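Working through the structure, step by step
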Amino acid sequence: MGGERVEEAVAGAVALLRTATGRDWDGPRAGRLEWSCRYAAEHIAGCLIAYAGQLASRAQNAWVPFEITPDDGTDNEDVLQVVETTGALFAATYRTTPREARAFHPFPFRSANRDGFAAMGVAEVLLHTHDIAEGLGLPYEPPAELAAYVLTGIFPHVRPGPDHWRTLLWATGRGELPGRAPVAEWRWTNTLALPTDRLTLQGVTPAAAADLAAGDDGGFEWLGGGPFEGTREAATMMLKAYEAGVHRPEFGLFVLVRREDALALGAMGFHGAPDEEGRAVIGYDLVAGARGHGYATEALRALARWALARDDVRSLFATVDRDNAPSRAVIGRAGFTQVSEDVGDEGLLAYELRG
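Residues numbered from 1 in each chain as written. Predicted model: local features only at pLDDT ≥ 70, side-chain atom pairs only at ≥ 80, totals over all residues. Heavy atoms only, no water.

Some thoughts on helix H10 (residues 325-333)
- Burial in H10 covers these residues: Ser327, Val330 and Ile331. Each buried residue of H10 lies within a common arc of 90° when the element is viewed along its axis, so the set occupies one face. Set apart from the buried face of H10 by more than 90 degrees, the exposed residues are Ala325 and Pro326.
- Considering only its buried residues, H10 is in contact with strand S7 (279-286), helix H9 (295-308), strand S8 (315-321) and strand S10 (348-354).
- Looking one or two places after H10, you find glycine 335, whose phi comes out positive at around 100°. (Buried < 20%, exposed > 50% of the residue type's maximum accessible area, 1.4 Å probe, protein only. Helix = DSSP H or I, 4+ residues; strand = E, 2+ residues; numbered from the N terminus. Arc of directions from axis to C-beta. Contact = heavy atoms within 4.5 Å.)

Written as structure tokens, this is what we have:
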């Protein structure tokens, strides 16, 4: 889907801007930016080829050091041809990049997967085409599905609104939304990935959560053909938090992906952000075929270590069914201690791990 979204965004942008190639692009400013319309168009191409370069090289620590420099005499139509070309290169790179591969991007966890780069590429195209169109006095509104793709991919912290395009413009400081304060500073958010010896805990986006909640695979290839029901319930809970505007992506849901074959084995995550006392609630499950191999313990240790290293987390809390001996063993091996029993109406055992 990511490659198709990039191609659709580029095609729509080029079709609009091609109607104004005979005009001056160097004089007018691109919307609220300090850039000229011409520079903004060149920037779109630069972003697309840069993202393709990151994915192709699997760069892990920095940007691949290259950029596009137009030849002398390049006119506006030539710039659009470069945008088309870099868009095609990026879409092709996306399609040949394994789903689990990640490459360097600074915001905010220093890496992104191919879907994160695709969402960023679509965002660059949509937003800067809007800027150029505003500078040239052209009407522009991309398909709502493209704006929603960006919002659910790299703006998980933004409460969705009824108009995806207006919400994206507001979230990037380019417009207003009734009932919401203007945005002066903003930054998109790629998913967090936590590696262990045998697994990678891959953060779930709102788009993937909606897919899981609807009964699909969330974009993952699952051992046994699909996730356990608890994963779908957790995805539904995360989706509700996103729709309410209280979701924090680092305290969301993670899918446990086995590194040797890229198969998803289960899910683990938080019931929400830490409370005022710094306590976060954690839960997990595995598909039947992955149980008994220590995967849950390995993942829980990694997630707990990451969480308790943060300043806003002082303790982790979990509840386990009294009759679920394997789960009780997992949480014990991860260092949790039982602190109470008969929690709620279900008679659950409560466990805690303090930093």
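A look at helix H2 (residues 37-57)
- Look at H2: 30 Å from first C-alpha to last across 21 residues, which is about the 30 Å you get at 1.5 Å a residue.
- Following H2 by one or two positions, arginine 58 adopts a phi angle in the positive range, close to 55°. (Expected span 1.5 Å × (residues − 1).)

With respect to the pattern of salt bridges
- Considering all chains together, one arrives at 16 salt bridges under this definition.
- For the salt bridge of aspartate 131 with arginine 174, the shortest nitrogen-to-oxygen distance reads 2.9 Å. Residue aspartate 131 is found in helix H4 (residues 114-136), and its partner arginine 174 is found in the loop between helix H6 (164-171) and strand S3 (193-195); the two are separated by 43 residues along the sequence.
- When its relative accessible area of 1% is taken as the criterion, aspartate 131 is described as buried.
- Across the salt bridge formed by glutamate 141 and arginine 166, the nearest N and O atoms sit 3.1 Å from each other. Taken as a pair, glutamate 141 in the loop between H4 and helix H5 (144-154) and arginine 166 in helix H6 lie far apart in primary sequence, 25 residues in all.
- Arginine 166 gets classed as partly exposed once you look at its relative accessible area, which sits at 35%.
- Salt bridges sharing common partners tie together Arg248, Glu250, Arg310 and Asp312. (Salt bridge = Lys/Arg side-chain N within 4 Å of Asp/Glu carboxyl O.)

With respect to the pairing of S8
- Burial analysis of S8 places 5 of its 7 residues in the buried class, which makes it a mostly covered element.
- In terms of strand pairing, S7 meets S8 through 3 bridges, oriented parallel. Paired with arginine 279 across the bridge in S8 is serine 315.
- Regarding the hand of the β-α-β motif, the stretch spanning S7, H9 and S8 is right-handed.
- In this structure, S8 lies alongside S10, joined through 7 bridges in antiparallel fashion. Paired with leucine 316 across the two strands is leucine 353, which belongs to S10. (Pairing = 2+ DSSP bridges. Right-handed = clockwise from strand over helix to strand, strands pointing away.)

What to know about the side chain of glutamate 352
- Of note, glutamate 352 is situated in strand S10.
- For glutamate 352, the side chain forms a polar contact with the side chain of arginine 354, separated by 3.2 Å.
- Those residues within four positions of glutamate 352 in sequence are excluded, and the remaining contacts are Ser315, Leu316, Phe336, Thr337 and Val339. (Polar contact = N/O pair within 3.5 Å; in protein donor to acceptor, adjacent residues only side chain to side chain.)

As for the nonpolar core
- In this structure, Leu126, Phe155 and Leu168 are the most contacted members of the largest nonpolar core, which totals 58 residues.
- Secondary structure elements with two or more residues in this core: helix H1 (2-17), H2, helix H3 (76-96), H4, H5, H6 and helix H8 (229-244).
- In this structure leucine 126 touches Ala9, Tyr140, Pro142, Leu146, Ala147, Val150, Trp165 and Leu168, once residues within four positions along its chain are discounted.
- In this structure, Trp222, Ile282, Ala304 and Phe336 belong to the second largest nonpolar core, which totals 47 residues. (Core = buried A, V, L, I, M, F, W, Y, C linked by side-chain atoms within 4.5 Å.)

Side note on the pairing of strand S5 (residues 253-258)
- With 6 of 6 residues buried, S5 is to be regarded as a mostly interior element.
- Residues Leu253, Val255 and Val257 line one face of S5 and the alternating positions Phe254, Leu256 and Arg258 line the opposite face, and both faces are buried.
- Pairing analysis gives 5 bridges linking strand S4 (residues 199-203) to S5, with the strands arranged antiparallel. Opposite threonine 200, over in S5, you have valine 257 as the bridge partner.
- Examined bridge by bridge, S5 and strand S6 (residues 264-270) share 5 bridges and lie antiparallel to one another. Residue pairing for S6: leucine 256 is matched across the bridge by glycine 266.
- Linking S5 to S6, which pair antiparallel, is a turn of 5 residues; within it alanine 262 sits at a positive phi near 60°.

Fair warning: the whole summary comes from geometry, so function is off the table for now.
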